[in-house]
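# A structural walkthrough
Spelled out, the chains give:
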Amino acid sequence: MNSLTNVRVRFAPSPTGFVHIGGLRTALYNYLYARKHGGTFILRIEDTDRERFVEGATENLISVLEWAGLVPDEGPRQGGNYGPYFQSQRTEIYQKYARELLDKGFAYYAFDTPEEIEAARQRARQSGNQFMKYNFTIRHEMSNSLNMTPQALRAALDAGKPYVIRLLVPEGRQFEVDDEIRGRVVFDSREIDDQVLLKSDGFPTYHLANVVDDHLMEISHVIRGEEWLSSVPKHLLLYECFGWTPPHMAHLPLIFNPDGSKMSKRDIQSLDELPSGKVDPDVASYIRKGYEKAAIINYIALLGWNPGEGDDRQVFDLPELVQEFSLQRVNKSAAIFDLKKLQWLNKEHIMRRDVASLMEELKPALRKAGYTDVADDYLARAVGLMRERLYFTEDFVKLAGYFFNDPTSYDEQAAQKRWQEDTPELLRQFAEAIRKLDTFTAGAIEETLRQVAEAHNSSGGKLIHPLRLAVTGVSVGPGLFELLEVLGKETVLRRIDRGMEIIPKLIS
RNA sequence: GUCCCCAUCGUCUAGGGGUUAGGACUCGGGAUUUUCGAUCCCGCAGCAGGGGUUCGAAUCCCCUUGGGGACACCA
């Protein structure tokens, strides 16, 4: 089982300012794989694009990962023997390796200005080629060291002419990956271009930095989104040029909007009003909306993975996912993000939480709603009754106010339907009967109620519905007898009186 | 456009030659002689199309179609 020695995996996001749902799933699968195989989970920040630098993005990213419980073993915050873990702090390393490629003849200097590149692109377009490739087809007409004498190159370098370093991609080579998820995939080298490895500002591009770091950090498995699959041949070529063994690769299926489009931050104008068919890709939005972290983790785990034949479980916590996870059971096809199922899982996870932790979480919201001075044991009983009916923890505040305050209004529709001619008399009798009760427990209350109803040749429902209305003001809630027990005799009697006074006026 | 990936209910998926094609979400219905977005039952709904291979194909192969990704001095 643990025959894989030294599993080292990494989550390598670029700090764009928010954490994408798909990114979180990539992080999760990496984390699960590491834990499953006793390996190391590494966080590496790919911040080589200084034009897209976003203030605070890295801090945000780390805090979301920690919130989700996906704490790296090595990374910016915890350090490690393979640092630094910011690519922006590793530029000399990449420059050194770029020079090595230059020396070996696997890369070359290119001095083309952006204007010259654009002009070449124009020429290609005019001859019907939408996407120009800077490769064997045109590199001999461009301004690069392949077309210069050593003296001219020296002169250009000495003159400080801006340059990039490009990978010299051979013609007519085949590159094969045996992807852990997709199986064998073959690429022809004529399809890739002479990728820029080092930009004119001295920073590496993704491809160089990624390959160098994965090697230096001894990454055993590269687990990332499918959008990287077509970059694999470039990476394989680089490994080959350096003489390194490439890591195992696993390209995960993508996650889409309900309408099949790519989940994009651009779709999001406001948090609640999404264009139809779109869904918010920002993990922070879900946190803010009050989703359980366990539900989010559970849901995205299931988006592209399942525990396998004969295992119908849908609800998993993180340790269970670690136990069950395997790359072999990751799907090939893209998945659509379904809010409804996430919400259902949210409810399932709330239901499984212990009352004490729910209570603690609810306290600030309760205080804010004006329910102060609530005794812990009372709150615990209320939460216990409501726990399995909540889609969000905050629903408790909206749905269960009657545990703390007498109702100030009554559901008129319910009143119309349930408040009948004999209701006042029944309630009066019931109130009398429970007044005499020594033990105000659900069992005793139910017995009493049934007796009163029977004495009137009436059904329990005749009393139960108006009673609930009088006591809570609404028509839905937990089982009535347990509810009354928690509220306590005095409160119940007081509310019956009040209800009998006010409700009849509503329906006249 | 070129290359690459993908294709089972509306959605997430099981199923990898012989199954009444299974589960989950959603939706609909019923039960709970106490409500409900709770719970429990029941139901609706699917192998994209066409060719092969085979006694037999959702399953293997090919084509078509559809969806997606990549094609930057962004990752």
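Use the structure listed above.
In short, a report on the structure. (Residues numbered from 1 in each chain as written. Chains lettered and ligands numbered in written order. Predicted model: local features only at pLDDT ≥ 70, side-chain atom pairs only at ≥ 80, totals over all residues. Heavy atoms only, no water.)

### Examining the nonpolar core
Soluble globular proteins tend to bury their nonpolar side chains together. What counts, and what does not: Here, the term nonpolar core denotes a set of buried Ala, Val, Leu, Ile, Met, Phe, Trp, Tyr and Cys residues that are joined through side-chain atoms within 4.5 Å. Residue burial is assigned from relative accessible area. The probe radius is 1.4 Å, only protein chains are included, and a residue is buried under 20% of its type maximum, exposed over 50%, and partly exposed in between. A helix here means a DSSP run of H or I that spans at least four residues, while a strand means a run of E at least two residues long, and both kinds are numbered starting from the N terminus. Domain boundaries shown here were taken from an automatic or database domain assignment. Any two residues whose heavy atoms approach within 4.5 Å are treated as being in contact.
Ranked by size, the top nonpolar core spans 55 residues in total, and within it Leu24, Leu28, Tyr29, Leu32, Leu70 and Phe337 carry the most contacts. Here this core takes 9 residues from helix α1 (residues 21-36), the largest share from any one element. In terms of domain composition, this core takes at least three residues from each of domain 1 (4-76 + 210-256) and domain 3 (283-350). With near-sequence residues (within four places) excluded, Leu24 lies in contact with Val19, Leu65, Ala68, Leu70, Val283, Ile296 and Ile300. One finds Val355, Leu427, Leu449 and Val471 within the second-largest nonpolar core, a separate group that totals 53 residues.

### Describing unusual backbone geometry
Backbone torsion omega between Gly83 and Pro84 reads -5 degrees, so that peptide bond is classified as cis. Take Pro84: it is sitting in the loop between α2 (57-68) and α3 (91-104). Here the phi dihedral of Glu218 falls at roughly 55 degrees; this positive angle occurs in a residue that is not glycine. Looking at the secondary structure, you find Glu218 in the loop between α6 (206-216) and β8 (221-225). Judged by relative accessible area, Glu218 falls into the partly exposed class, the value being 44%. Unusually for a residue other than glycine, Asp373 sits at a positive phi of about 55 degrees.

### Overview of the sheet that holds strand β4 (residues 164-167)
Keep this limit in mind: Pairing between strands requires that DSSP locate at least two bridges from one strand to the other. Helix axes are fitted to C-alpha atoms over the stretch in contact, other axes to C-alpha atoms as well, and angles between N-to-C directions run from 0 to 180 degrees.
As summarised here, the arrangement of the 3 strands in space is β3-β4-β7, forming an open sheet in which the pairing is antiparallel. Looking along the sheet, the strands with just one partner apiece sit at the ends: β3 (107-110) and β7 (196-198). Taken over all neighbouring pairs, the strand axes of this sheet differ in orientation by 45 degrees on average, direction set aside. Across 4 bridges, the pairing between β3 and β4 is antiparallel.

### Some remarks on the protein's contact with RNA strand B
Filter applied, for reference: Definition of nearness: a residue and a molecule or strand are near each other if at least one heavy atom of the residue lies within 4 Å of the molecule or strand. The definition of a polar contact used here is a pair of N or O atoms within 3.5 Å, where within protein one atom must be able to donate a hydrogen and the other to accept one, and adjacent residues in sequence count solely through side-chain atom pairs.
Near RNA strand B lie 65 residues; those nearest to it are Arg182, Arg389, Gly461, Gly477 and Phe481. Those atoms of RNA strand B that come within 4 Å of the protein belong to sugar or phosphate at a rate of 70%. Take Asp49: an N or O atom from its side chain is 3.1 Å from a sugar or linking oxygen of RNA strand B. Arg52 is positioned with one of its side-chain polar atoms (N or O) 3.2 Å from a sugar or linking oxygen of RNA strand B. For the surface near RNA strand B, the elements supplying multiple residues, two or more each, are β4, β6 (183-188), β11 (335-336), α11 (339-352), α18 (460-472) and α19 (480-487).

### Looking at the packing of aromatic side chains
Test applied: Each Phe, Tyr or Trp ring (for Trp, its six-membered ring) is paired with any other whose centre lies within 6.5 Å, and the angle between the two planes then decides the class: stacked below 30 degrees, edge-to-face above 60, tilted in between. Each ring is checked for a lysine NZ or an arginine CZ that lies within 6 Å of its centre and within 35 degrees of its normal; such an atom marks a charge sitting over the ring.
Tallied over the full model, the rule gives 20 aromatic pairs. With a centroid separation of 6.4 Å and 20 degrees between ring planes, the pair formed by Tyr109 and Phe111 is classed as stacked. Look at Tyr109 and you get buried, because its relative accessible area is 16%. Using a relative accessible area of 2% as the deciding quantity, one classes Phe111 as buried. For the ring pair Tyr371 and Phe404, a centre distance of 5.0 Å and an interplane angle of 35 degrees mean the geometry is tilted. One end of the pair, Tyr371, is in the loop between α12 (355-368) and α13 (376-386); the other, Phe404, is in the loop between α14 (395-399) and α15 (412-418), with 33 residues separating them in the sequence. Per residue, the accessibility class of Tyr371 equals that of Phe404, and both read buried. A connected cluster of aromatic rings, assembled from ring pairs, spans Tyr371, Tyr378, Phe396, Tyr402, Phe403 and Phe404. When the ring centre of Tyr134 is taken as origin, the NZ or CZ atom of Arg166, which lies over that ring, is 3.6 Å away. The lysine or arginine in question, Lys289, covers the ring of Tyr286, its NZ or CZ lying 5.3 Å from the ring centre.

### Focus: helix α7 (residues 232-242)
Of all 11 residues making up α7, 10 are buried, and the element is well covered by its neighbours. Those residues of α7 that sit buried are Val232, Pro233, Lys234, His235, Leu236, Leu237, Leu238, Tyr239, Cys241 and Phe242. Downstream of α7 by a residue or two, Gly243 has a phi angle that is positive, lying close to 80 degrees.

Just geometry here; none of it tells us what the structure is for.
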